[in-house]
Amino acid sequence: MGFSSQPFPDASNESRLSASGRPLSKNWLAIIAFIWTGQAVSMFTSYAASFAAVWYVTETTGSAILLSAMSICAYLPQGILAPYGGVIADRYNRKAVIIVADMAVGLVSLALGVLVLLGDVSIAAIMFMVIARSIGQAFHGPAMMAAMPMLVPEKHLLRINTLDMMLMSVAGIVSPALGIMLYGGIGFHAVMFLDFAGAVLACLALVRASIPSIHKEKVACEERHPLAEMKEGWDALRDNRGLFLLIVLITLGMVSFGPMGSLYPLMTYDHFSGDGFMAAVAEATFAGGLFVGSLIIMAWGGGKRLALLLAASCVAFGVLATASGLLAPSMFWVFAVLCVLMGMVCAWFNGPTVTLVQRNVPEEKMGRALGFVTAAMGLASPVGIALGGIAAEAIGVAAFFVVDGVICAIIGVVLYLPKSVRALDE
């Protein structure tokens, strides 16, 4: 498949069926544009609010323990509740689930903004906001990912799944600056109010989208225990041996990859004897690589062999991480270039994973299956960060990059060895 100059080539000539086989709206591209414009605004304001909250805790307490606790609160609830979020996504109208999740988090930000304005803010209130965000994402994520195959043609499904990564990379670059500018110029409360406004816009953008309720279309529509429905999502993954092996190995890959993001500043400071500016350069170049990599996937479409793309991305990241650990202390700018390349290959990871699940799980079980995938990835990151921190402390950060890179490369090779995984590309 060749490159195109437009992210969605020949949209007017597309088949009138969505990726899930449903009749496709004539203005599907406009609907998707509205939805993702709203999501983009909400993502930017959420990132800005999160950074402002982190900065408030840093400025008022200077506690590394509290900052670590915030990171755990940001990951753990989502990881635990995502399978139940998948049940809700399959049981009720997915548009309604997304709107309720967005508005609930927006209202929490509004309430925190009011508390800040009244001078009654506390660390406990900020922690509550972080937990609420994580809970909201546990319901928003599976519903959003499960809704996309109903609204998009098959050939553009990977492009849409990659759009999320692209927006995250841009938000990661721009939103911290926006958050600190508003925090310092207007006040902490202004960032929280902005986040509420972003949530409202995201919900309004969903109004034009018609997303049917899968649960109501079942022949046997009796209400069952959520655990029974959750098990169906797990079974949907287990029934496809190749997909299940892929998810297991990707989860191990996420455990291995997880520490890297948190260790970039330490790598800059400890190995390259860098300052704050150099640490910011390393972070920005990685985020820039994510953006470029996402653009490449959206223009290219990813090709037909997505499992192979995942394996190759994992191997490439491992090689680049190992090379980073082998650099001499005077070679920081080479490290910055490698950060760009690592960001690019990371952008080729999440989108193909979600797309393979969407292609291989029945529509009525997709939310629950994606809930388990979200949970696995959400829990893998904090586990990896904890283990990676201990390992890096023991052997040194540069040596850790070498060892962890080798592990990532091995996982990538092993990922594509099983015949059942390769069958996903046939």
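Residues numbered from 1 in each chain as written. Predicted model: local features only at pLDDT ≥ 70, side-chain atom pairs only at ≥ 80, totals over all residues. Heavy atoms only, no water.

Novice: Can you lay out the environment of phenylalanine 128 for me, pointing to particular residues and giving the numbers?
Specialist: Mapped onto the fold, phenylalanine 128 is located in helix H4 (residues 123-151). For phenylalanine 128 and valine 373, which are 245 residues apart along the polypeptide, the C-alpha to C-alpha distance reads 25 Å. (Helix = DSSP H or I, 4+ residues; strand = E, 2+ residues; numbered from the N terminus.)

Novice: Give me the lowdown on the side chain of arginine 94, citing residues and values where you can.
Specialist: Following the sequence through the fold, arginine 94 ends up in helix H3 (residues 94-117). Given the relative accessible area of 0%, arginine 94 is considered buried. Engagement of the side chain of arginine 94 in a polar contact is seen with the backbone oxygen of alanine 146, the distance being 3.2 Å. Of the polar contacts made by the side chain of arginine 94, one reaches the backbone oxygen of glutamate 363; its length is 3.2 Å. (Buried < 20%, exposed > 50% of the residue type's maximum accessible area, 1.4 Å probe, protein only. Polar contact = N/O pair within 3.5 Å; in protein donor to acceptor, adjacent residues only side chain to side chain.)

Novice: I'd like a rundown of the confidence of the model for the protein, residues and numbers included.
Specialist: Summary statistics for the protein give a mean pLDDT of 83 and a share of 91% for residues scoring 70 or more. Note that pLDDT drops below 50 for residues 1-6; the model gives that stretch 9 contacts with residues more than four away or on any other chain. Every residue in residues 217-222 is under pLDDT 50, and counting partners more than four places away or in other chains gives 10 contacts. (pLDDT = per-residue confidence, 0-100. Contact = heavy atoms within 4.5 Å.)

Novice: Talk me through the packing of aromatic side chains; I want residue IDs and the actual numbers.
Specialist: To describe a pair of aromatic rings, you give the distance between the ring centres and the angle between the ring planes. Applying the stated criterion across every chain, the model contains 11 aromatic pairs. For the pair tryptophan 234 and phenylalanine 244, a centre-to-centre distance of 5.4 Å together with 90 degrees between the ring planes defines the contact as edge-to-face. With tryptophan 234 in helix H7 (residues 226-238) and phenylalanine 244 in helix H8 (residues 241-271), the pair connects residues that are 10 residues apart, well separated along the chain. Chaining the aromatic ring pairs together yields one cluster made of Phe272, Phe332, Trp333, Phe335 and Phe401. The ring of phenylalanine 244 has arginine 238 lying over it, and the distance from NZ or CZ to the ring centre is 4.9 Å. (Phe/Tyr/Trp six-rings, centres within 6.5 Å; stacked < 30°, edge-to-face > 60°. Lys NZ or Arg CZ within 6 Å of the ring centre and 35° of its normal.)

Novice: Describe the environment of glycine 136, and please don't skip the residues or the numbers.
Specialist: Positionally, glycine 136 belongs in helix H4. Considering only alpha carbons, one finds glycine 136 and alanine 323, 187 residues apart in sequence, at a separation of 38 Å. Beyond its immediate sequence surroundings of up to four residues, glycine 136 is in contact with Ala101 and Val105.

Novice: For a nonpolar patch on the surface, give the residues involved together with the corresponding values.
Specialist: On the surface, Val406, Ile410, Val413, Val414 and Leu417 cluster together to form a nonpolar patch covering roughly 410 Å² of accessible area. Note on placement: valine 414 falls in helix H14 (residues 397-415). A relative accessible area of 35% means that valine 414 is categorised as partly exposed. (Patch = residues over 30% accessible without salt bridge, like charges linked within 9 Å, V, L, I, M, F, W, Y side chains within 5 Å. Areas by Shrake-Rupley, 256 points an atom, 1.4 Å probe, with all protein chains shown as cover. Salt bridge = Lys/Arg side-chain N within 4 Å of Asp/Glu carboxyl O.)

Novice: Describe the packing of helix H10 (residues 306-325) against helix H12 (residues 350-360), naming the residues involved and giving the relevant values.
Specialist: Relative orientation of the contacting elements H10 and H12 amounts to 155 degrees, with a least axis distance of 9 Å. If you check the angle between H10 and H12, you find them roughly antiparallel. Every pair of crossing elements has a handedness; the one defined by H10 and H12 is left-handed. Residue-level inspection shows Leu306, Ala307, Leu309 and Leu310 of H10 in contact with H12, the latter providing Pro352, Thr353, Thr355, Leu356 and Arg359. Residue classes in the contact of H10 with H12 are distributed as 6 nonpolar, 2 polar and 1 charged. (Axes fitted to C-alpha atoms, helices over the stretch in contact; angles between N-to-C directions. Parallel < 35°, antiparallel > 145°, perpendicular 65-115°, else oblique. Left-handed = near helix turned anticlockwise from the far one by under 90°. Nonpolar A, V, L, I, M, F, W, Y, C, P; charged D, E, K, R; others polar.)

Novice: How would you explain the pattern of salt bridges if you had to name every residue and give the values?
Specialist: Per the stated rule, a full pass over the model turns up 7 salt bridges. The salt bridge partner of arginine 94 is aspartate 90, with a shortest N-O separation of 2.6 Å. The residues arginine 94 and aspartate 90 share a single accessibility class, namely buried. Look at the salt bridges and you will find they share partners, linking Asp90, Arg94, Glu232 and Arg368 into a network.

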